[in-house]
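A look at the structure
Spelled out from the first residue to the last, the chains are:
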Amino acid sequence: MITIVMAEDQRLLRGALGSLLAYEEDMEVIGQASDGEEALRQIRALKPDICLLDIEMPVMSGLEVAERIQAEGNSAKAIILTTFARPGYFERAMKAGVRGYLLKDGSVDDLASAIRTIVNGGQAYAPESVFHAYRSENPLTDREQEVLALSGEGKTAKEISGELYLSPGTVRNYMSEALRKLDAKNKIEAIRKAEENGWI
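We now turn to the structure provided with this report. What you see is a predicted model; the values in this text were computed from it and never measured. The residue numbers shown here count from 1 along each chain, following its written sequence. Owing to the predicted nature of the model, reporting of local features is limited to residues with pLDDT of at least 70; listing and counting of side-chain atom pairs is limited to 80 or more, with chain, interface and lining totals taken over all residues. Note that the side-chain values use all heavy atoms of the structure and ignore hydrogens as well as water.

**Comments concerning the pairing of strand 4 (residues 77-82)**
Keep this limit in mind: With a 1.4 Å probe rolled over the protein chains alone, any residue whose accessible area is under 20% of its type maximum counts as buried; one over 50% counts as exposed, and the rest are partly exposed. A run of H or I in DSSP counts as a helix once it spans at least four residues, and a run of E counts as a strand once it spans at least two, with each numbered from the N terminus. A pair of strands is labelled paired if DSSP reports no fewer than 2 bridges between them. The handedness rule is simple: strands pointing away from the viewer, and a clockwise path from the first strand over the helix to the second, make the crossover right-handed.
In terms of burial, strand 4 is largely enclosed, as five of its six residues are buried. Across five bridges, the pairing between strand 3 (residues 50-54) and strand 4 is parallel. Bridging across to strand 4, Asp54 finds its partner in Leu81. Once the chain exits strand 3 it traverses helix 3 (residues 62-72) before rejoining the sheet at strand 4, and the crossover so formed is right-handed. Where strand 4 meets strand 5 (residues 100-103), four bridges bridge the pair, whose relative direction is parallel. Note on strand 5: the bridge partner recorded for Ile80 is Tyr101.

**Considerations on helix 3**
Rule in force here: Working definition: the arc comes from the directions between the helix axis and the C-beta atoms, pointing outward to the latter.
Along helix 3, the residues classified as buried are Gly62, Leu63, Val65, Ala66 and Ile69. For helix 3, the arc enclosing every buried residue in end-on projection is 160°, short of the 170-degree limit, so these residues lie on one face. Within two residues after helix 3, Gly73 carries a phi angle of roughly 70°, on the positive side.

**Observations concerning the packing of helix 8 (residues 157-164) against helix 9 (residues 168-182)**
Two quantities define a packed helix pair, namely the angle between the axes and the distance from one axis to the other. Worth spelling out the cut-off: Angular values range over 0 to 180 degrees, each being the angle between N-to-C directions of two axes fitted as lines to C-alpha atoms, with helices fitted over their stretch in contact. Comment on the angle field: the value is read as roughly parallel under 35 degrees, roughly antiparallel over 145, roughly perpendicular from 65 to 115, and oblique elsewhere. Contact definition: two residues touch when any of their heavy atoms are within 4.5 Å. Amino acid classes used here: Ala, Val, Leu, Ile, Met, Phe, Trp, Tyr, Cys and Pro are nonpolar; Asp, Glu, Lys and Arg are charged; the rest, including Gly, are polar.
Look at helix 8 against helix 9: their axes get within 8 Å of each other, and the N-to-C directions meet at 105°. Viewed along their axes, helix 8 and helix 9 adopt a mutual orientation that is roughly perpendicular. Only Pro168, Val171 and Arg172 of helix 9 make contact with helix 8, whose side of the interface consists of Ala157, Ile160 and Ser161. Of the residues in the contact of helix 8 with helix 9, the class split is four nonpolar, one polar and one charged.

**Thoughts on the side chain of Glu8**
To keep things clear, this is the line we draw: Here a polar contact is recorded for every N or O atom pair within 3.5 Å, except that within protein the pair must consist of a potential hydrogen donor and a potential acceptor, and residues adjacent in sequence are included only if both atoms are side-chain atoms.
Considering the arrangement of structural elements, one finds Glu8 in the loop between strand 1 (2-7) and helix 1 (11-22). In this structure the side chain of Glu8 is engaged in a polar contact, spanning 3.0 Å, whose partner is the backbone nitrogen of Gln10. Not counting the four nearest positions on each side in its chain, Glu8 is found in contact with Leu13, Arg14, Ala33, Ser34, Asp54, Met57 and Lys104.

**Thoughts on the packing of aromatic side chains**
We count it as follows: Geometry of aromatic contacts follows a simple scheme: Phe, Tyr and Trp rings, the Trp one being its six-membered ring, pair when their centres are within 6.5 Å, and the pair is stacked under 30 degrees between planes, edge-to-face over 60, tilted otherwise.
In this structure the tally under the stated criterion is two aromatic pairs. Considering the side-chain rings of Phe90 and Tyr101, the 5.2 Å spacing of their centres and the 90° angle between planes classify their relative orientation as edge-to-face. Of the two residues, Phe90 sits in helix 4 (residues 87-95) while Tyr101 sits in strand 5, which places them eleven residues apart along the sequence. In terms of burial, Phe90 and Tyr101 fall into one category: buried. Taken together, a centroid distance of 5.6 Å and an interplanar angle of 85° make the contact between Phe90 and Tyr125 edge-to-face. In this pair, Phe90 sits in helix 4 while Tyr125 sits in strand 6 (residues 124-125), placing the two residues 35 residues apart along the sequence. The rings of Phe90, Tyr101 and Tyr125 are connected pair by pair, giving a single aromatic cluster.

Laid out in structure tokens, this is it:
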């Protein structure tokens, strides 16, 4: 029997998916969570074969849960279920050792088939995600990423210059270069774009 913990913040969708998977003779949903923190607790306690993780969840995202599972050496295999085929999310999922990355508009039969493939040592990725990942490379240098990330934490150019041992003018240059590369009107838009793509 393949044991599954499901994490999805939309209760209706979580209930429907749990019921449909319960019809599979070789699968059992042993835990359901509405946020990432609750999901992590259940994964640690119940030790499922598979954890189905939504990306956008309260408290902790599905990607953060997957990263934590990997860091702890937990044997549960993570599958991301998402409505987003964003390249940054997919790249981050790959780094977190996620074995499946599937879009929510797929069929339950496809999901069940993917779960069996992953339990048997395989992988299952939505073609759209792979396509976007190869198409979109991070245009930012390491320094530009650092400056944007620190700015996203609310730090001023002066504070960033102190932390990175750069002059405030150099920090501003990195920021303006990042804005140009991301085609962003201002700092806030640049940070949002970089975060959405998983570049910072």
